[in-house]
Amino acid sequence: NGEEAENGADTAEDDPLKRIIPGVFAGLILFSVIITGTMIFQSASQEKKDKLSETILSSITPTELMQGKIVGYFVLGLVQVLIWFAIAIPIVMWRFDLPLIEYLLVPELLILLFYALAGYLMFAALFVGLGATVEDLSTSGNFQGVVFMIPWIPFMLFGPIMSNPEGTVALIGSYVPLTTPGVMLLRLSLLDEWSWVEILISAASLIVAIWLFMKLAGKIFKTGILMYGKNATPKEIWKWLWH
């Protein structure tokens, strides 16, 4: 698995919570913010339905509107999650006598948070691009519904990864951008030692995917947000990507 680096000065074998709690914390941030991020889809669709897009786009460009939605809902979701944690952490520390702050204030948390926040940016691009293709949520097709399932794919891989965090399924999931955030958070929470080579490769593939998805989402959003009267088909969306 390449070069290995110890996960902190104390090995996690002495206290598994030292690696599990930061992973759980980052995972909760990822999926909580993603759930809030699905509001991007609804926002873009509602603006199409109410025909507000033309008014908004008279002042800003489609790209600025798309980026504003992604950043705005990201901040909204992050603030919401931080409020939850500000309430929950003291209660857990008191009820279970766990030094959560000590577990969380470790350098490894920065890497875990990178996967969580990068995962949001990638999925947000998918949601905002797709939302611009739907005028009526009640009649959106199976194609749109499938996209909402993508962030939850790592849960389908939970069993194989839990049984063997360094197995083939875990490695493949680490390098496929759509599953990278969830799979890497799970793996890094289970492994006593981290492979920095795997971390660098998975992080690089995720960054490239974010750039690509943002670019493609921009093309879809620019055309789809001004299309009225029907939901876009996969064939039409594919055509927009290449024009």
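Note that the structure is predicted; figures quoted are calculated from it, not measured.

Overview of the nonpolar core
Formed by 53 residues in total, the largest nonpolar core has its most connected members in Tyr 115, Tyr 120 and Leu 188. Elements that contribute at least two residues to this core include exactly α1 (17-50), α3 (62-96), α4 (100-104), α5 (108-131), α10 (180-190) and α11 (196-224). Here the element with the most residues in this core is α5; it accounts for 14 residues. Residues Ile 220, Ala 232, Ile 237 and Leu 241 belong to the second largest nonpolar core, which totals six residues.

Structural notes on the pattern of salt bridges
As a working rule, side chains carrying opposite charge can pair if their charged atoms are close by. Scanning all chains against the criterion turns up one salt bridge. The salt bridge partner of Arg 187 is Glu 198, with a shortest N-O separation of 2.9 Å. Placement of Arg 187 in helix α10 and of Glu 198 in helix α11 is noted, with a sequence separation of 11 residues between them. On the accessibility criterion, Arg 187 (1% relative accessible area) is buried.

Details of the side chain of Ser 174
Within the secondary structure, Ser 174 sits in helix α9 (residues 168-175). Every residue in contact with Ser 174, bar those within four places of it in the chain, is listed here: Thr 180, Val 183, Met 184, Arg 187 and Ser 202.

Thoughts on the layout of surface pockets
Taken as a whole, the largest pocket encloses approximately 390 Å³ of empty space. Along the wall of the largest pocket there are 16 residues; nearest its centre are Gly 23, Val 24, Gly 27, Phe 158 and Leu 186. Grouping the amino acids of the lining of the largest pocket by side-chain chemistry returns 12 nonpolar, four polar and no charged.

Description of the packing of α9 against α10
When two helices pack together, their arrangement is given by the angle between the helix axes and the distance between those axes. Orientation of α9 relative to α10, taken along the N-to-C sense of each, is 135°, at an axis distance of 7 Å. One way to sum up the angle between α9 and α10 is to call them oblique. The handedness of the crossing between α9 and α10 comes out as left-handed. For the pair α9 and α10, contact is made by Ala 170, Leu 171, Gly 173, Ser 174 and Tyr 175 and by Thr 180, Val 183, Met 184 and Arg 187, respectively. Each residue belonging to the contact of α9 with α10 can be placed in one class, and the counts come to five nonpolar, three polar and one charged.

A look at empty space enclosed by the protein
In this approach the atoms are scanned with a rolling probe the size of a water molecule, which exposes any empty space left behind. Applying the stated criterion to the full structure yields one cavity of 30 Å³ or more. Taken as a whole, the largest cavity encloses approximately 30 Å³ of empty space. Of the residues forming the lining of the largest cavity, the biggest block, three residues, is contributed by α10. Looking at the lining of the largest cavity, its residues break down into five nonpolar, one polar and two charged.

Observations regarding the confidence of the model for the protein chain
Detail in the predicted coordinates should be disregarded across regions flagged by low pLDDT. Across the protein chain, the average pLDDT comes to 78, with 82% of residues at or above 70. Confidence, read as mean pLDDT per element, is least for strand β1 (residues 4-6) in the protein chain (46) and greatest for α9 (91). Under a pLDDT of 50 for its full length, residues 2-13 has, in the predicted model, 26 contacts with residues more than four places off or in other chains.

Brief notes about α9
Considered for burial, the residues of α9 that qualify are Ala 170, Gly 173 and Ser 174. Looking straight down α9, one finds that the buried residues subtend no more than 105° of arc, so they occupy a single side. Opposite the packed face of α9, turned more than 90 degrees from it, sit the exposed residues Thr 168 and Ile 172.

So, the environment of Leu 121
Positionally, Leu 121 belongs in helix α5. In this view, Leu 121 contacts Ile 70, Ile 210 and Met 214; residues no more than four positions away in its chain are not counted.

Some words on the side chain of Ser 202
Tracing the backbone shows Ser 202 in helix α11. Once you skip the residues sitting within four places of it in the chain, Ser 202 turns out to touch Tyr 115, Ser 174, Tyr 175, Thr 180 and Met 184.

Focus on a nonpolar patch on the surface
Among the surface-exposed residues, Val 71, Val 75, Val 79, Ile 83, Trp 84, Ile 87, Ile 91 and Trp 94 lie close enough to one another that they form a single nonpolar patch of about 860 Å² accessible area. By the element assignment, Trp 94 lies in helix α3.

Reading guide: rules and limits
- Residues numbered from 1 in each chain as written.
- Predicted model: local features only at pLDDT ≥ 70, side-chain atom pairs only at ≥ 80, totals over all residues.
- Heavy atoms only, no water.
- Core = buried A, V, L, I, M, F, W, Y, C linked by side-chain atoms within 4.5 Å.
- Buried < 20%, exposed > 50% of the residue type's maximum accessible area, 1.4 Å probe, protein only.
- Helix = DSSP H or I, 4+ residues; strand = E, 2+ residues; numbered from the N terminus.
- Salt bridge = Lys/Arg side-chain N within 4 Å of Asp/Glu carboxyl O.
- Contact = heavy atoms within 4.5 Å.
- 1 Å grid on protein atoms, 1.4 Å probe; cavity = no way out; pocket = protein on both sides within 12 Å on 5 of 7 lines; lining within 4 Å.
- Points joined across faces, edges and corners; volume = space filled by probe spheres on them.
- Nonpolar A, V, L, I, M, F, W, Y, C, P; charged D, E, K, R; others polar.
- Axes fitted to C-alpha atoms, helices over the stretch in contact; angles between N-to-C directions.
- Parallel < 35°, antiparallel > 145°, perpendicular 65-115°, else oblique.
- Left-handed = near helix turned anticlockwise from the far one by under 90°.
- pLDDT = per-residue confidence, 0-100.
- Arc of directions from axis to C-beta.
- Patch = residues over 30% accessible without salt bridge, like charges linked within 9 Å, V, L, I, M, F, W, Y side chains within 5 Å.
- Areas by Shrake-Rupley, 256 points an atom, 1.4 Å probe, with all protein chains shown as cover.

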